[in-house]
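A structural walkthrough
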Amino acid sequence: MNLRLSIFCILSLTLGTSVYIFQSLKLSLPRLLNNYLNDFLIIPIVLYVCLLFLRWSRNDANFVLKLPIILYVSALYAFIFEYLLPNQLVRYTSDPIDVLLYFFGGLVFYLLQNKPSKA
């Protein structure tokens, strides 16, 4: 398992959870953190969980997610959370910056996942 990827994803989960806790407690956060951090973090978190499951289910510790799958998941999140839900529920708003952050998070995951290990 790529240690950098594991550390990044655990840190992402911790930061994302912290943002949700701050928001639920109505504590003030800087606008960028409050509105955009979790949109960047969600794709690496979801893909990391998927990668762990796939490695376990395939019994292949070297399995990696290919770029088209990462792009598909990013596009799916963008479609659901920036188009579909904002058109159905008032709670959700569409923001093109969020779309970019989903794909940027996917790119970071891809780069960390495919960084060669030092032997």
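Residues numbered from 1 in each chain as written. Predicted model: local features only at pLDDT ≥ 70, side-chain atom pairs only at ≥ 80, totals over all residues. Heavy atoms only, no water.

Here the focus is a nonpolar patch on the surface. Side chains of Ile21, Phe22, Leu25 and Leu27 sit close together on the surface and give an oily, nonpolar patch of about 360 Å² of accessible area. On the basis of relative accessibility, which here comes to 54%, the residue leucine 25 falls in the exposed class. (Patch = residues over 30% accessible without salt bridge, like charges linked within 9 Å, V, L, I, M, F, W, Y side chains within 5 Å. Areas by Shrake-Rupley, 256 points an atom, 1.4 Å probe, with all protein chains shown as cover. Salt bridge = Lys/Arg side-chain N within 4 Å of Asp/Glu carboxyl O. Buried < 20%, exposed > 50% of the residue type's maximum accessible area, 1.4 Å probe, protein only.)

Quick look at the environment of leucine 5 now. Following the sequence through the fold, leucine 5 ends up in helix α1 (residues 3-24). Once the C-alpha coordinates of leucine 5 and valine 108 are considered, the two residues, 103 residues apart in sequence, prove to be 9.3 Å apart. Setting aside its immediate chain neighbours within four residues, leucine 5 contacts Tyr48, Leu51, Phe109, Leu112 and Gln113. (Helix = DSSP H or I, 4+ residues; strand = E, 2+ residues; numbered from the N terminus. Contact = heavy atoms within 4.5 Å.)

Leu5, Phe8, Phe40, Leu47, Leu51, Leu65 and Phe109 are the most contacted members of the largest nonpolar core, which has 24 residues in total. Elements with a contribution of two residues or more to this core: α1, α2 (31-58), α3 (67-88) and α4 (96-113). Considering each element in turn, this core owes the most residues, 9 residues, to α2. Apart from the residues within four sequence positions on either side, leucine 51 is in contact with Leu5, Phe63, Val64, Leu65, Phe109 and Gln113. (Core = buried A, V, L, I, M, F, W, Y, C linked by side-chain atoms within 4.5 Å.)

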